[in-house]
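Now for the letters of each chain:
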Amino acid sequence: MASCCNSLKLEGMFSSAFRSSKRSSNAIWIPSSSSCNLYIHGFPLKNNSFSVSHSRSFTIKASSSSSTAIVEPEGIKITSVPTKPIEGQKTGTSGLRKKVKVFMEENYLSNWIQSLFNSLPPEDYKNGVLVLGGDGRYFNREASQIIIKIAAGNGVGKILVGRDGIMSTPAVSAANGGFIMSASHNPGGPEYDWGIKFNYNSGQPAPESITDKIYGNTLSISEIKMAEIPDVDLSRTGVTKYGSFTVEVVDPVSDYLELMESVFDFRLIKSLLARSDFRFAFDAMHAVTGAYAKPIFVDKLAASPDSISNGVPLEDFGHGHPDPNLTYAKDLVNTMYSENGPDFGAASDGDGDRNMILGKKFFVTPSDSVAIIAANAQEAIPYFQGGPKGLARSMPTSGALDRVAEKLGLKFFEVPTGWKFFGNLMDAGKLSICGEESFGTGSDHIREKDGIWAVLAWLSIIAHRNKDKKPGEKLVSVSDVVKQHWATYGRNFFSRYDYEECASEGANKMIDYLRGLASKSKAGEKYGKFPINPSTRCIGNCHLCILLLFDCLKFLIVGNYVLQCADDFSYTDPVDGSVASKQGVRFVFTDGSRIIFRLSGTGSAGATVRVYIEQFEPDASKQDMDAQVALKPLIGMLVIISTIYSFRQFTNKSYGCISDLALSVSKLKDFTGREKPTVIT
């Protein structure tokens, strides 16, 4: 366990020429005879498409505004579109996410894209190649055209875009970065969410040094550089040229598939999926992995076609919520828990970077999943045949991975939530496998989490464990693998409570109070059972109880825990020395138990309050217990901790007794505005 305390208003933007469907005289479309190979992370290229240099000659012309000079590439007219700053364009943990209607407001998306180019060194994009992809959600088609025109206006030499604008986040990352149009696991459609993020350099999410510059430029932007070119047909692969600017529409799957074949033993996995006594199920949730599932699992690995459900990407994800968890992937969960359910089930999210793993009537927590992949990687996955370099997890993720790193003698890192924090470690050769409790798992084959990679990793482990099993012999199951892991490393019981779209003001007040509470806590404080008055069900005089509640939290906690530390997590990057502070308030106990409070940055409206509860259990005889039962004392504790601030607001009111008050969910509502969590994982 890591230690702590150390609507589409285009009229104002585009001239009629931009919306013309007729190709300009200097536009040339070239059918694509083969896919463009994008990957560079240590794997051979079939061609060197990414190293092509696009030469340009420039002329200076005056725009409609006499004060603005526009530098234009040969054969393309660039227009300077006047604009003004728009509030609320600060990126969160993973890009900029808002409701679709916000992005459809005049210049909203364009301002952010132009601000991004204003934030990058020209050598990072001038005459270069950028990738554009997305999860297929509503507004992606329109957004693709806007991004392409601004990219051309800023001197980008070539845009590689997935057919129909579709390309998973992992595939974009493997292509060495670019624009990703996605709000990830958030719902899609005219009334829901849209998002944009930029992956930088080696494919990792843009670091805060870049996102901070983007935000700063959104506050002062005055013009958008827009190329006057017609919309590009994204429905067929091929190359379209406008003067010296090129757009190539590529197959989003083929190169990603080739990459996966270089990481995993596909023959081994195919031997498992071809068995008559093994059944596989994959739910693409009508999201981007629907474009990948059939080519990979069915065509390449011989899985049954009916093993893929919701396999067609839809703009509204089939009116679903593309978040692969026990709540939103309910159809898959019901299938896996049925009497004749499949042996292995998995789901992925909107943009394909998250995953959920299930066995027959068995759920694998994301924290356990990454630990088990790490523990089995060297023997089951060819990419890791020399052993992992190091392991890492996000701070709220359980300590299961820590124990694997310790046993295997590997470097270990605890980082803030956000995949960008893993990138530096990977580039420095310190990290191979990492994960987050929010259903994200991945490795250094790319610089993003990767849902299909995680599914293939698990299939590799199951296939390896059963490679010598003859027909009729009992197969090693998902639950067998997990329980064997617990027996070796112990079990970290883990649960997460999500309170989505809460009022931001109240949520921030709660976190601020908890920061103060943590700063006053002392190591060694004992949180134990306090005598209850049997007649009043109270610890004593109710007025005294209230005073004790504020002055000494330890008297009110049910359980038996000794505080190791309490803090607001801060991280110093061991590679570049950058510091990320205020990353979550945590209460850590000497037995490995933890309670963590954190505001999520992945929503498009309000705040999501996330509460994480963890307890370590080394005793194998107690490891089959339901997590909610095992964590009950800590869950009671978190309710008390999170309600203290509301008690302070009502000290002049009369209460029956503290125990009833503290455990009342209605008091948690004072902070979150919710009667109960939106999701419990």
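Residues numbered from 1 in each chain as written. Predicted model: local features only at pLDDT ≥ 70, side-chain atom pairs only at ≥ 80, totals over all residues. Heavy atoms only, no water.

For the protein, the helix and strand inventory stands at 21 helices and 31 strands. Accessible surface for the protein amounts to roughly 26400 Å². Of this, 50% is attributable to carbon and sulfur atoms. (Helix = DSSP H or I, 4+ residues; strand = E, 2+ residues; numbered from the N terminus. Areas by Shrake-Rupley, 256 points an atom, 1.4 Å probe, with all protein chains shown as cover.)

This paragraph deals with the nonpolar core. Membership of the largest hydrophobic core comes to 76 residues, with the highest contact counts inside it found for Phe264, Phe280, Phe297, Phe344, Leu456, Trp458 and Leu459. For this core, the element with the highest residue contribution is helix 14 (residues 451–465), accounting for eleven residues. Residue contacts for Phe264: discarding those within four places in its chain leaves Ile269, Ile381, Pro382, Trp453, Leu456, Ala457 and Ser460. Core analysis: the second largest hydrophobic core is formed by 47 residues, Ile148, Val156, Val161 and Met181 among them. (Core = buried A, V, L, I, M, F, W, Y, C linked by side-chain atoms within 4.5 Å. Buried < 20%, exposed > 50% of the residue type's maximum accessible area, 1.4 Å probe, protein only. Contact = heavy atoms within 4.5 Å.)

Our next topic: the side chain of Arg594. Within the secondary structure, Arg594 is located in strand 29 (residues 594–600). Residue classification places Arg594 among the buried positions, given a relative accessible area of 1%. Of note is the side chain of Arg594, whose polar atom sits 2.8 Å from the backbone oxygen of Met395. Polar side-chain contacts of Arg594 include one of 2.6 Å to the backbone oxygen of Thr397. (Polar contact = N/O pair within 3.5 Å; in protein donor to acceptor, adjacent residues only side chain to side chain.)

For the coordinates displayed, the defined rule picks out 19 aromatic pairs. Judged by centre distance (4.6 Å) and plane angle (70°), the ring pair of Trp419 and Phe422 falls under edge-to-face. Note on Phe422: relative accessible area 0%, which makes it buried. Judged by centre distance (6.5 Å) and plane angle (85°), the rings of Phe587 and Phe597 are edge-to-face. One end of the pair, Phe587, is in strand 28 (residues 585–589); the other, Phe597, is in strand 29, and ten residues separate them in sequence. We note that Phe587, like Phe597, is buried. Among the aromatic residues, those joined into a cluster by ring pairs are Phe117, Tyr125, Phe179, Phe198 and Tyr200. The lysine or arginine in question, Arg403, covers the ring of Phe616, its NZ or CZ lying 3.5 Å from the ring centre. (Phe/Tyr/Trp six-rings, centres within 6.5 Å; stacked < 30°, edge-to-face > 60°. Lys NZ or Arg CZ within 6 Å of the ring centre and 35° of its normal.)

Glancing now at the sheet that holds strand 21 (residues 433–436). Two strands in a sheet stick together by hydrogen bonds in their backbones, pointing the same way (parallel) or opposite ways (antiparallel). Within the open sheet, the four strands sit side by side as 20-19-21-22. Their pairing is mixed. What marks the edges here is a single partner per strand, and that holds for strand 20 (411–415) and strand 22 (440–443). Strand-to-strand twist across the sheet, computed as the mean angle between neighbouring axes with direction ignored, equals 15°. As paired elements, strand 19 (residues 390–394) and strand 20 share five bridges and run parallel to each other. Residue pairing for strand 20: Arg393 is matched across the bridge by Glu414. Of the strands in this sheet, strand 19 and strand 20 are in contact with helix 12 (residues 400–408), which crosses strand 19 at around 165°. (Pairing = 2+ DSSP bridges. Axes fitted to C-alpha atoms, helices over the stretch in contact; angles between N-to-C directions.)

This part takes up the packing of helix 11 (residues 366–380) against helix 14. For any two helices packed against each other, the geometry comes down to the angle between their axes and how far apart the axes lie. Between helix 11 and helix 14, whose axes approach to 10 Å, the crossing angle comes to 55°. In terms of orientation, helix 11 and helix 14 fall into the oblique class. In the crossing of helix 11 with helix 14, the sense of the turn from one axis to the other is left-handed. Contacts between helix 11 and helix 14 involve Ser369, Ile372, Ile373, Asn376, Glu379 and Ala380 from the former and Trp453, Ala454, Ala457, Trp458, Ser460, Ile461, His464 and Arg465 from the latter. The class makeup of the residues in the contact of helix 11 with helix 14 is eight nonpolar, four polar and two charged. (Parallel < 35°, antiparallel > 145°, perpendicular 65-115°, else oblique. Left-handed = near helix turned anticlockwise from the far one by under 90°. Nonpolar A, V, L, I, M, F, W, Y, C, P; charged D, E, K, R; others polar.)

Most of strand 30 (residues 607–617) sits out of view: eleven of its eleven residues are buried. Across the two faces of strand 30 the burial is the same, with Ala607, Val609, Val611, Ile613, Gln615 and Glu617 and Thr608, Arg610, Tyr612, Glu614 and Phe616 all buried. Pairing of strand 23 (residues 491–502) with strand 30 involves ten bridges; the strand directions are antiparallel. Along strand 30, the bridge assignment pairs Asn492 with Phe616. Pairing geometry for strand 29 and strand 30, over seven bridges, is antiparallel.

Here we take up the side chain of Arg403. The residue Arg403 is located in helix 12 in this model. Within polar-contact distance, the side chain of Arg403 engages the side chain of Asn492 at 3.4 Å.

Let's shift gears to the environment of Tyr561. Along the chain, the position of Tyr561 falls in strand 25 (residues 561–568). We classify Tyr561 as buried; its relative accessible area is 6%. When the C-alpha positions of Tyr561 and Thr590 are compared, they lie 7.3 Å apart, and in sequence the two are 29 residues distant.

With that settled, consider the sheet that holds strand 17 (residues 355–359). With respect to topology, five strands assemble into an open sheet ordered 15-14-16-17-18, the strand pairing being mixed. The sheet is open, and its two borders are formed by strand 15 (308–309) and strand 18 (362–364), each paired with just one other strand. Relative to strand 15, strand 14 (residues 280–283) is paired through two bridges, and the arrangement is parallel. When the sheet's bridge partners are listed, Phe282 is paired in strand 15 with Ile308.

The subject of this paragraph is the environment of Gly136. Topologically, Gly136 is positioned in the loop between strand 6 (129–134) and helix 4 (140–153). Judged by relative accessible area, which is 17%, Gly136 ranks as buried. On a C-alpha basis, the gap between Gly136 and Met167 in space is 8.2 Å, while along the polypeptide they are 31 residues apart. Non-local contacts of Gly136, meaning those with residues more than four positions away in its chain, are made with Ile166, Leu314 and Glu315.

Moving on to the pattern of salt bridges. Charged atoms that come close allow side chains of opposite charge to pair. In this structure the tally under the stated criterion is 34 salt bridges. The partner of Lys101 in a salt bridge is Glu191, with the nearest N and O atoms 3.2 Å apart. Taken as a pair, Lys101 in helix 2 (residues 100–103) and Glu191 in the loop between strand 8 (178–181) and strand 9 (193–200) lie far apart in primary sequence, 90 residues in all. A single network of salt bridges, built from pairs that share partners, joins Arg393, Asp402, Glu414, Asp567, Arg586, Arg594 and Glu614. (Salt bridge = Lys/Arg side-chain N within 4 Å of Asp/Glu carboxyl O.)

Now for unusual backbone geometry. For residues that are not glycine, phi is negative in most cases, and the peptide bond is trans in most cases. Not every positive phi belongs to a glycine, and Ala302 is a case in point at roughly 65°. Here Ala302 is to be found in the loop between helix 9 (290–300) and strand 15. Of note, the phi angle at Lys361 is positive, near 55°, even though the residue is not glycine. In this fold, Lys361 is placed in the loop between strand 17 and strand 18. We classify Lys361 as partly exposed; its relative accessible area is 38%.

The values reported here are purely geometric and, on their own, carry no functional implication.
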